[in-house]
Amino acid sequence: MRRIYFLVPDLETTHKIVDELKLAAIEERFIHVVAREGTPLEDIPEATMLEKTDFVPGLEKGVALGGVTGLMAGLVAVSFPVPGIALGGGAVLMLSLLGAGIAAWFASVVGSDVPRPRVEAFEEAVKKGELLMLVDVPKDRVAEIEELVKKHHPEAECEGTEPTLPVTLG
């Protein structure tokens, strides 16, 4: 999946684009809109914390870093036995999982307070009343969807694409 970013000048155009995307078989759960606070989006799908922040990247980094740290701690614990305490592979696994869990929780909490850099780049435009659309599409449909929007709405600016999450949440 790829995420396409469109900067749209107004709510009316955003409604039209959302309707056209639905007609093009893009499910509503793959369309996300970032608008200025207080903008009545009505039936337009608003971007959630998952789309607007670094929650998921933070979670991924936390799992990786915590898992490695826990693994290293487990290997050290097994390598230097303490008299009277027998540790084995279970301890290594337990410490790896514990480290991954704690670090994932901590990193995701921190990530939920950090704006996603790609979305943050449009903060000024959104404050001025423009709307940012994030549309998740299969990689082979990116050009088709960009062309669809450009053809019917030249006032909407395509701001590029980026890979989305391996697993789509939403």
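Anything mentioned here points back to the structure above.
Residues numbered from 1 in each chain as written. Predicted model: local features only at pLDDT ≥ 70, side-chain atom pairs only at ≥ 80, totals over all residues. Heavy atoms only, no water.

S.K.: It is not clear to me how helix 3 (residues 55-79) should be interpreted in this structure. Could you clarify?
M.R.: Within an α-helix, residues lying three or four positions from one another point in the same direction, as the helix has 3.6 residues per turn. Taking 1.5 Å of rise per residue, the 25 residues of helix 3 would be expected to cover 36 Å, and the 36 Å separating its terminal C-alpha atoms lies within 8% of that figure. Among all positions of helix 3, only Val-56, Pro-57, Gly-58, Gly-62, Gly-66, Gly-67, Gly-70 and Gly-74 are buried. The elements touched by buried residues of helix 3 are helix 2 (49-52) and helix 4 (89-111). (Helix = DSSP H or I, 4+ residues; strand = E, 2+ residues; numbered from the N terminus. Expected span 1.5 Å × (residues − 1). Buried < 20%, exposed > 50% of the residue type's maximum accessible area, 1.4 Å probe, protein only. Contact = heavy atoms within 4.5 Å.)

S.K.: Would you take a moment to explain the sheet that holds strand 2 (residues 31-34) for this structure?
M.R.: Think of a sheet as strands paired side by side through backbone hydrogen bonds, with each pair either parallel or antiparallel. The strand order 2-3-1-4 describes an open sheet built from four strands, whose pairing is antiparallel. If you trace the sheet from one side to the other, it starts and ends with strand 2 and strand 4 (157-163), each paired once. The sheet shows a mean angle of 20 degrees between the axes of neighbouring strands, direction not considered. Bridging between strand 1 (residues 2-8) and strand 4 involves five bridges; their strand directions are antiparallel. (Pairing = 2+ DSSP bridges. Axes fitted to C-alpha atoms, helices over the stretch in contact; angles between N-to-C directions.)

S.K.: Explain the side chain of Thr-13 to me, please; I cannot follow it from the model alone.
M.R.: Relative to the helices and strands, Thr-13 resides in helix 1 (residues 11-23). On the accessibility criterion, Thr-13 (8% relative accessible area) is buried. A distance of 2.7 Å separates polar atoms of two side chains, one belonging to Thr-13 and the other to Asp-10. Apart from residues lying up to four places away in sequence, Thr-13 is in contact with Val-8, His-153 and Glu-155. (Polar contact = N/O pair within 3.5 Å; in protein donor to acceptor, adjacent residues only side chain to side chain.)

S.K.: Hey, could you run me through the packing of aromatic side chains in this one?
M.R.: Geometry of an aromatic ring pair is reported as the spacing of the ring centres plus the angle between the planes. Summed over all chains, the structure comprises one aromatic pair. A ring pair is formed by Tyr-5 and Phe-122, whose centres lie 6.3 Å apart and whose planes are at 20 degrees; its orientation type is stacked. Taken together, the residues span a long stretch of sequence, with Tyr-5 in strand 1 and Phe-122 in the loop between helix 5 (117-120) and helix 6 (123-127) at a distance of 117 residues. Per residue, the accessibility class of Tyr-5 equals that of Phe-122, and both read buried. (Phe/Tyr/Trp six-rings, centres within 6.5 Å; stacked < 30°, edge-to-face > 60°.)

S.K.: Looking at this structure, I do not really get the packing of helix 3 against helix 4. What am I missing?
M.R.: In a packed pair of helices, the relevant descriptors are the angle between the two axes and the axis-to-axis distance. Where helix 3 meets helix 4, the axes come as close as 6 Å, and the angle between the chain directions of the two elements is 150 degrees. As summarised for this structure, helix 3 and helix 4 are arranged roughly antiparallel, according to the angle between their axes. For the pair helix 3 and helix 4, the crossing hand works out as right-handed. Looking at the contact of helix 3 with helix 4 residue by residue, the class counts come to 13 nonpolar, 10 polar and no charged. (Parallel < 35°, antiparallel > 145°, perpendicular 65-115°, else oblique. Left-handed = near helix turned anticlockwise from the far one by under 90°. Nonpolar A, V, L, I, M, F, W, Y, C, P; charged D, E, K, R; others polar.)

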